[in-house]
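# Observations on the model geometry
If you want the building blocks of each chain, they are given just below.
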Amino acid sequence: SFAAMAPVKFDDIPKVATEVLNDDYQVSGYVLKAKQKTKMGNSVLSTQVDFQDKGTATPAKLAWKIPAPLATFGMGGHCIDKLEMDKAGKFKLETTSSYQNYPGLKVNCKSDLVDKSSISVGCTYTGLKDTQLKFEGRLFRQKDMSQVCNGEATYSFCPAATCGLKFNGLILGGLLPDVGLRLVSGPLFCSVLAKEEFKSFSAAAHYKANPDLRCAAVCNYSKKGTNVTVGCSYKGLYKVKVTQDQTISCSAKHAVAKGFTLLGGASYSVPKGWQPELRLAAQHRVSRRARRASSLSLLHI
């Protein structure tokens, strides 16, 4: 059974169900990933190389995470969550700061390090009981009102229920916010989201049959149509799902040795046949719990 759930981010309201249907279904592409934990303030360097990328000669992505870049100066509440350069040469910086005098408050900043209009500053506040508040705004004028600011709030009004809403700058012009609700009772979980001024809906359900078997279903409805996905996970190692367009996907994870796992997956489309839709994926991860921890993953079809 599930324990009482604290408020989560708005987009994570259906996560209990969607993680069963979305996680570990990497069934396309050639990707080499590596992660290295360094001795420089426990900084983590992540690298990713996409093979057979025709648009880029060296399709690599580098990302740094530095938990305490200013700890040497006695300022340990600041963290560089992401300092990234992707294969197109674009940058991304995300930082978080917390302050002892203001418990429950975290201030974040984001930028692409190129255009000043991309700079945004926001905060997350969890100082109120059973409540999480988030707000983010751009520092410079934006032509699109939806980019000026955005915010969200989630509240657990009882141990088994959490509600939330999310909005952007267009709310000043009368746009309705997105709303969501999640409920849990023993092994049962369900959630519903209403977006696009109640023109788009998403319902999710999850059932934990036993400690090893989890079942989930999601139904998305909008003006474009309805899409239903159902699936299950066994011990978190074996997964299978079926979508409304009659595509069947499955994945399996196997621990080859301590710190080394193999992840494989495939998908099959009933209307189009096996050959056009066959995709295979494999993932290898190596890790060490020492001064330098590393991981390696390989995905391929």
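Thresholds, definitions, all that
- Residues numbered from 1 in each chain as written.
- Predicted model: local features only at pLDDT ≥ 70, side-chain atom pairs only at ≥ 80, totals over all residues.
- Heavy atoms only, no water.
- Pairing = 2+ DSSP bridges.
- Helix = DSSP H or I, 4+ residues; strand = E, 2+ residues; numbered from the N terminus.
- Salt bridge = Lys/Arg side-chain N within 4 Å of Asp/Glu carboxyl O.
- Buried < 20%, exposed > 50% of the residue type's maximum accessible area, 1.4 Å probe, protein only.
- Patch = residues over 30% accessible without salt bridge, like charges linked within 9 Å, V, L, I, M, F, W, Y side chains within 5 Å.
- Areas by Shrake-Rupley, 256 points an atom, 1.4 Å probe, with all protein chains shown as cover.
- Core = buried A, V, L, I, M, F, W, Y, C linked by side-chain atoms within 4.5 Å.
- pLDDT = per-residue confidence, 0-100.
- Contact = heavy atoms within 4.5 Å.
- Polar contact = N/O pair within 3.5 Å; in protein donor to acceptor, adjacent residues only side chain to side chain.
- Phe/Tyr/Trp six-rings, centres within 6.5 Å; stacked < 30°, edge-to-face > 60°.

## A few points about the pairing of strand β6 (residues 105-111)
Sheet analysis places strand β5 (residues 91-98) next to β6, joined by six bridges and oriented antiparallel. If you follow Ser-98 over to β6, its bridge partner there is Lys-106. Alignment of β6 against strand β7 (residues 120-125), held across six bridges, turns out to be antiparallel. What sits directly across from Val-107, in β7, is Cys-123.

## Some words on the pattern of salt bridges
Throughout the structure, instances matching the rule amount to four salt bridges. With a closest N to O distance of 2.9 Å, Arg-214 and Glu-19 form a salt bridge. Residue Arg-214 is found in strand β14 (residues 213-222), and its partner Glu-19 is found in helix α1 (residues 15-22); the two are separated by 195 residues along the sequence. For Arg-214, a relative accessible area of 21% gives the class partly exposed. Residue classification places Glu-19 among the partly exposed residues on the basis of a relative accessible area of 24%.

## Side note on a nonpolar patch on the surface
Together, Leu-62, Leu-83, Met-85, Phe-91, Leu-113 and Val-114 give the surface a local cluster of nonpolar side chains, amounting to about 520 Å² of exposed area. Tracing the sequence through the fold places Val-114 in the loop between β6 and β7.

## Section: the nonpolar core
In this structure, Val-16, Ala-17, Val-20, Leu-21, Phe-189, Ala-204, Ala-216 and Val-218 together form the largest nonpolar core, which totals eight residues. Those elements giving two or more residues to this core turn out to be α1 and β14. Top element by residues in this core is α1. It accounts for four residues.

## What about the confidence of the model for the protein?
In this model, the protein carries a mean pLDDT of 81, and residues with pLDDT of at least 70 account for 80%. Every residue in residues 275-301 scores below 50 in pLDDT, and together they form 86 contacts with partners more than four places removed in sequence or on other chains.

## Re the side chain of Ser-202
Topologically, Ser-202 is positioned in strand β13 (residues 200-208). At 2.7 Å, the side chain of Ser-202 forms a polar contact with the side chain of Asn-220. Setting aside residues up to four positions removed in sequence, Ser-202 forms contacts with Ser-191, Val-192, Leu-193, Val-218, Cys-219 and Asn-220.

## Remarks on the pairing of strand β17 (residues 247-257)
Look at any regular strand and the pattern is simple: side chains alternate between the two faces of the sheet. Relative to β17, strand β16 (residues 238-243) is paired through five bridges, and the arrangement is antiparallel. By the bridge assignment, Tyr-238 is partnered in β17 with Ala-252.

## Describing the packing of aromatic side chains
The relative placement of two aromatic rings is captured by the distance of their centres and the angle of their planes. Under the definition given, this model contains one aromatic pair. A ring pair is formed by Tyr-234 and Tyr-238, whose centres lie 6.4 Å apart and whose planes are at 25°; its orientation type is stacked. We classify Tyr-238 as partly exposed; its relative accessible area is 43%.

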